[in-house]
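# Summary of structural features
Residues per chain are reported as follows:
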Amino acid sequence: QVQLVESGGGLVQAGVSLRLACAVSGGTFSTYAMGWFRQAPGKEREFVSAISWSDSRTYYPDSVKGRFTISRDNAKNTVYLQMNSLKPEDTAVYYCAAKIPPHGRTYVYTKSYDYTYWGQGTQVTVSS
């Protein structure tokens, strides 16, 4: 069974940086498409970033583009989310997600329903 565990969240001041990590166990991590999502209380889950398997293509929404960077280390079975210049509106629980692409496709997936496996989340709180 595939399991994902996020870490690295915390309470920080606006303008600083955090790096989240998602450790994946089970299956073959190097073949997974990975994504990060976030959810604030009372709001829908929001796409943050995604990275494909094989060619490591990435995609970001405008809300985080230029500030956040997703990366993966296949040797460590870990995906990271580097978050710079954090803003109060970045406050949310951040979730890591994994998908086994059909037929080895190297898409980046931006919808929550695209993903099969999810972590429990890590809280990021940014004060003004």
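### Describing the pattern of salt bridges
- Tallying each qualifying case throughout the model produces 4 salt bridges.
- Taking the shortest distance from any N to any O, the salt bridge between Glu46 and Arg38 comes out at 2.9 Å.
- A relative accessible area of 5% places Arg38 in the buried class.
- Each of Arg38, Glu46, Arg67 and Asp90 takes part in one network of salt bridges that share partners.

### Comments concerning unusual backbone geometry
- For Asn77, which is not a glycine, the phi torsion comes out positive at approximately 50°.
- Relative to the elements of secondary structure, Asn77 occurs in the loop between β7 (68-73) and β8 (78-83).
- Residue Ser85 is not a glycine yet carries a positive backbone phi of 50°.
- On the accessibility criterion, Ser85 (40% relative accessible area) is partly exposed.

### Describing the pairing of strand β4 (residues 33-39)
- Counting buried positions along β4 gives 6 out of 7 residues, so the element sits mostly inside the fold.
- Looking at chain direction, β4 and strand β5 (residues 46-51) are connected through 5 bridges and run antiparallel. In the sheet register, Arg38 faces β5, and the bridge partner there is Glu46.
- Hairpin connection, β4 to β5: the antiparallel pair is bridged by 6 residues, and Gly42 has positive phi, about 80°.

What counts and what doesn't
- Residues numbered from 1 in each chain as written.
- Predicted model: local features only at pLDDT ≥ 70, side-chain atom pairs only at ≥ 80, totals over all residues.
- Heavy atoms only, no water.
- Salt bridge = Lys/Arg side-chain N within 4 Å of Asp/Glu carboxyl O.
- Buried < 20%, exposed > 50% of the residue type's maximum accessible area, 1.4 Å probe, protein only.
- Helix = DSSP H or I, 4+ residues; strand = E, 2+ residues; numbered from the N terminus.
- Pairing = 2+ DSSP bridges.

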